[in-house]
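# Overview (structure and organization)
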Amino acid sequence: MQLIRQLEATRDETLKYFALSDSELSRSYGPGKWPVRFILLHLSDSETVLFDRIRRILSEPRQVIWAYDQDAWARGLDYAQVPLELSRDVYQAVRAATIHYAGRYYESKGGLEFVHSETGVRTLRDEFDKVAEHNEHHLSQIRQALSRPV
């Protein structure tokens, strides 16, 4: 399945960035934008949020699921102090679970609906697709940050 390949490819690329040097982790893709370190922490947190949504949709379809404020999470969880290794392990474990559920339910239950508090009615399939798309979006930011002259 194409989605599984995307989830595996974005996982593999993301995991390698957790091993960057401190100077590389501090690079940003633009003025006022998050450094690579914060992007990686955000990816880990987002992975948990999206996986929670997937499980909620499978267990209790048609419920309202609230958006979250990524900047509030970065402040509230004090991204400057979060151990990168911890977030790496969380990301890797949750991605493995997401891949498992995608393999089982993307086709058979992909039409299950939920209501996103900001974007309205969405499906389980939409949420699985969002995991891969969201990760790829942030990988492009990391690539851009690392390609900028120092």
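For the structure, see preceding data.
Counting restarts for each chain, with residues numbered from 1 along the sequence as it is written. With pLDDT at 70 or above as the cut-off, local features in this predicted model cover only qualifying residues; side-chain atom pairs require 80 or more to be listed or tallied, and sums for whole chains, interfaces and linings still use all residues. Neither water nor hydrogens contribute to the side-chain values; these are computed over all heavy atoms in the structure.

## Considerations on the overall build of the chain
- Runs of E in the DSSP output that reach at least two residues are strands. Runs of H or I that reach at least four are helices, and both are numbered from the N terminus. Check the secondary structure of the chain and you find six helices and three strands.
- Walking the chain from its N terminus toward its C terminus, one meets helices and strands in the order α-α-α-β-α-α-β-β-α.
- Atoms counted for the radius of gyration: C-alpha only. Globule rule: 2.2 Å times residue count to the power 0.38. Relative to the 2.2 N^0.38 estimate, which gives 15 Å for 150 residues, the radius of gyration of the chain is 16 Å and therefore close to what a compact globule would have.
- By its C-alpha atoms, the chain is 45 × 30 × 25 Å across when sized along the principal axes.
- Think of it in three bands: with a 1.4 Å probe and only protein chains considered, a residue is buried below 20% of the maximum accessible area for its type, exposed above 50%, and partly exposed in between. Out of the 150 residues belonging to the chain, those deemed buried represent 45%.
- Taking all contacts inside the chain whose residues are at least 6 apart in sequence as the whole, residues at least 24 apart take part in 75%.
- Carbon and sulfur atoms make up 50% of the accessible area of the chain, which totals about 7900 Å².
- Only four residue types enter the charge count, namely Lys and Arg as positive and Asp and Glu as negative; His and the chain termini do not. The atom standing in for a charge is NZ when the residue is Lys, CZ when it is Arg, CG when it is Asp and CD when it is Glu. Averaging the locations of the 20 positively and 22 negatively charged side chains of the chain gives two centres separated by 2 Å. Contact definition: two residues touch when any of their heavy atoms are within 4.5 Å. Computed by Shrake-Rupley with a 1.4 Å probe, the accessible areas treat only the displayed protein chains as cover when residues are assessed.

## Some remarks on the sheet that holds strand β2 (residues 113-116)
- A pair of strands is treated as paired once DSSP finds two or more bridges between them. Here we have three strands laid out as an open sheet, ordered β1-β2-β3, and mixed in their pairing. Strands at the two margins of the open sheet, each flanked by one partner only, are β1 (64-65) and β3 (120-123).
- Where β2 and β3 come together, four bridges link them in antiparallel fashion. When the sheet's bridge partners are listed, F114 is paired in β3 with R122.
- Along the sheet face, helix α6 (residues 124-147) touches β2 and β3 and points at about 80 degrees away from the line of β3. Only C-alpha atoms enter the line fits that serve as axes; for helices the fit covers just the stretch in contact. Angles between N-to-C directions range over 0 to 180 degrees.

## Quick word on the pattern of salt bridges
- Salt bridges, as used here, are contacts in which a Lys or Arg side-chain nitrogen is within 4 Å of a carboxyl oxygen on Asp or Glu. Within this structure, the stated rule accounts for nine salt bridges.
- R95 is the salt-bridge partner of E47, the closest N and O atoms lying 2.5 Å from each other. Taken together, the residues E47 in helix α3 (residues 36-59) and R95 in helix α5 (residues 84-105) connect sequence positions 48 residues apart.
- The class for E47 is buried, based on a relative accessible area of 4%.
- You can call R95 buried: its relative accessible area is 0%.
- The partner of R62 in a salt bridge is E113, with the nearest N and O atoms 2.6 Å apart. Here R62 is found in the loop between α3 and β1, whereas its partner E113 is found in strand β2, with 51 residues between them in sequence.
- Among the ionic contacts, a cluster of salt bridges with common partners joins E13, E136 and R143.

## As for the pairing of β2
- Only one face of β2 is buried: it carries F114 and H116, and the other face, with E113 and V115, is open.
- Pairing geometry for β1 and β2, over two bridges, is parallel. Looking at the pairing, I65 lines up with H116 of β2.

## Digging into the nonpolar core
- Here, the term nonpolar core denotes a set of buried Ala, Val, Leu, Ile, Met, Phe, Trp, Tyr and Cys residues that are joined through side-chain atoms within 4.5 Å. Core analysis: the biggest nonpolar cluster contains 21 residues, and V36, L40, Y79 and I142 have the highest contact counts within it.
- Going through the elements one at a time, α1 (2-17), α3, α5 and α6 are the ones with two or more residues in this core.
- If you tally residues by element for this core, the top one is α3, at six residues.
- Y79 has contacts with W34, R37, F38, L41, H42, D45, W73 and A74, leaving out every residue within four places of it along the chain.
- Of all hydrophobic cores here, the second largest spans 17 residues; its members include L3, Y105, Y106 and F114.

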